[in-house]
Amino acid sequence: MSGSQDGIETRPREETAEHRESKEALQENIIPAKSEADAFPKVNDMSSTQVAILLLGLGLSLFLFAIDETIVATSVATIGSELGTKGSLTWITTSYLLTTTVVLPIIGRIAAEMPVVPIELFTSWRWRNVAIMTAMRTLTFFHLFGITFYLVMFLQVMSFSQVVSSVLIVPYLLLASISSVSTTYIMPYCKGEMRLRALFVMPLGILITGLALLSTLDETSSLGRIVGYTLLVGLGFGSATQTSMVIPQLGLPTKYLSTTTALLGTAPVLGGTLGVAILGTAINNIYRHTLSSTPYASVLVDLNPNSVVETLSQLVKTSSEYQAVVSAYVTAWQKGCWVLVGVAALELVMCLGLKAVTFDEGLEEKEETPSAPLAV
């Protein structure tokens, strides 16, 4: 009995020691992981001040990214004139944007060790938000680059200086940044398909209205109309910049997040490439066609729309040739704005296919993960 009792007493002690060592080993692996996770708090765990600072940072980054484009857009005519490359300015800008478009997803692939574009995210109806938002994000920044690049030139045609033309773009970009921050703040409350779609439909309606009003601008438009219409466009454009980045990533498997982020980060540059190229082609062709049909086409030496500012500087402001050039470019600008209206209408149709998302998806799964090894 005593041996039996000794055996009974000894065996639980050996199992208890092994179990204790196993628990200590698991805790050594788990505790550092928790401490690393705690170093990066989730948005739900942040204070209102921390969230406000985070959103303000996102808005400022968008503002700086957008305003950087005005530097080139404002001086592009002068640069082309000095270098003698006026006919290639659009393609120089496009080549830069295309290079950036190629590099970004490659970096995302290296970081995630995943395919550059996971095909299953675009072939499964379950992840349709990824495909829809990638396309919409591309078209959204189609407007930003297109307007920033060509509105500055249009304002110079309307006799505004390079400095004033750049300053007039700032309110549009600033309101776009404010709109982006505000929409990101209210986004978690848009639960359900109808509210989620409304989050895109209403700003797109504002954007379409603003672009349609921009198409009415001409050489007689007042400064108030110019600023007011661009503010309306900025309000509609900014609302989709951050939401189109966040919504497609909700509910995705962790292994796809970094690659999807890189893909979504590429979309603005691709959209900018398409915006500058397509809108530029439309404006250039319409300008040439309109000007060539006037009786002053044979008098004007240069019909290149990229050098329209230089052409006007060589003409007398009260001359018929000067008015013909201005009128031709205004016509091209107005029809170019309707190209942007069509793109925004396409976005409006696409957002109707969005599925509802939950903004706390994946939290319960992450909370249960540490407890699984301890139960083994």
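Structure shown above.
Residues numbered from 1 in each chain as written. Predicted model: local features only at pLDDT ≥ 70, side-chain atom pairs only at ≥ 80, totals over all residues. Heavy atoms only, no water.

Caption draft 1: Region of interest: the nonpolar core. With 65 residues, the main nonpolar core has F154, F200, L211, L214 and Y329 as its most contacted residues. The set of elements that each furnish at least two residues to this core consists of α5 (128-157), α6 (162-186), α7 (193-214), α8 (223-238), α10 (254-292), α11 (308-313) and α12 (320-350). No other element matches α5, which puts 17 residues into this core. Those residues in contact with F154 that sit more than four places away from it in its chain are L217, D218, Y329, V330 and W333. Judged by nonpolar contacts, the second largest core, of five residues, contains L121, W127, V130 and Y256. (Core = buried A, V, L, I, M, F, W, Y, C linked by side-chain atoms within 4.5 Å. Buried < 20%, exposed > 50% of the residue type's maximum accessible area, 1.4 Å probe, protein only. Helix = DSSP H or I, 4+ residues; strand = E, 2+ residues; numbered from the N terminus. Contact = heavy atoms within 4.5 Å.)

Caption draft 2: How the structure looks around empty space enclosed by the protein. The final tally for this structure, using the stated rule, is three cavities of 30 Å³ or more. If you add up the space inside the largest cavity, you get close to 60 Å³. Contributing to the lining of the largest cavity are T140, L199, F200, P203, L204, L207, G236, F237, S239, A240 and E347. Of all the secondary structure elements, the ones that give two or more residues to the lining of the largest cavity are α7 and α8. Of all the elements, α7 adds the most residues to the lining of the largest cavity, at five residues. Grouping the amino acids of the lining of the largest cavity by side-chain chemistry returns seven nonpolar, three polar and one charged. Taken as a whole, the second largest cavity spans an internal volume of roughly 40 Å³. Forming the walls of the second largest cavity are R126, W127, N129, V130, P248, L250, L252, K355 and V357. Per-class residue counts for the lining of the second largest cavity are six nonpolar, one polar and two charged. (1 Å grid on protein atoms, 1.4 Å probe; cavity = no way out; pocket = protein on both sides within 12 Å on 5 of 7 lines; lining within 4 Å. Points joined across faces, edges and corners; volume = space filled by probe spheres on them. Nonpolar A, V, L, I, M, F, W, Y, C, P; charged D, E, K, R; others polar.)

Caption draft 3: Inspection of unusual backbone geometry at higher detail. The backbone of S159 sits at a positive phi, close to 80°, despite the residue not being glycine. If you trace the backbone, S159 turns up in the loop between α5 and α6.

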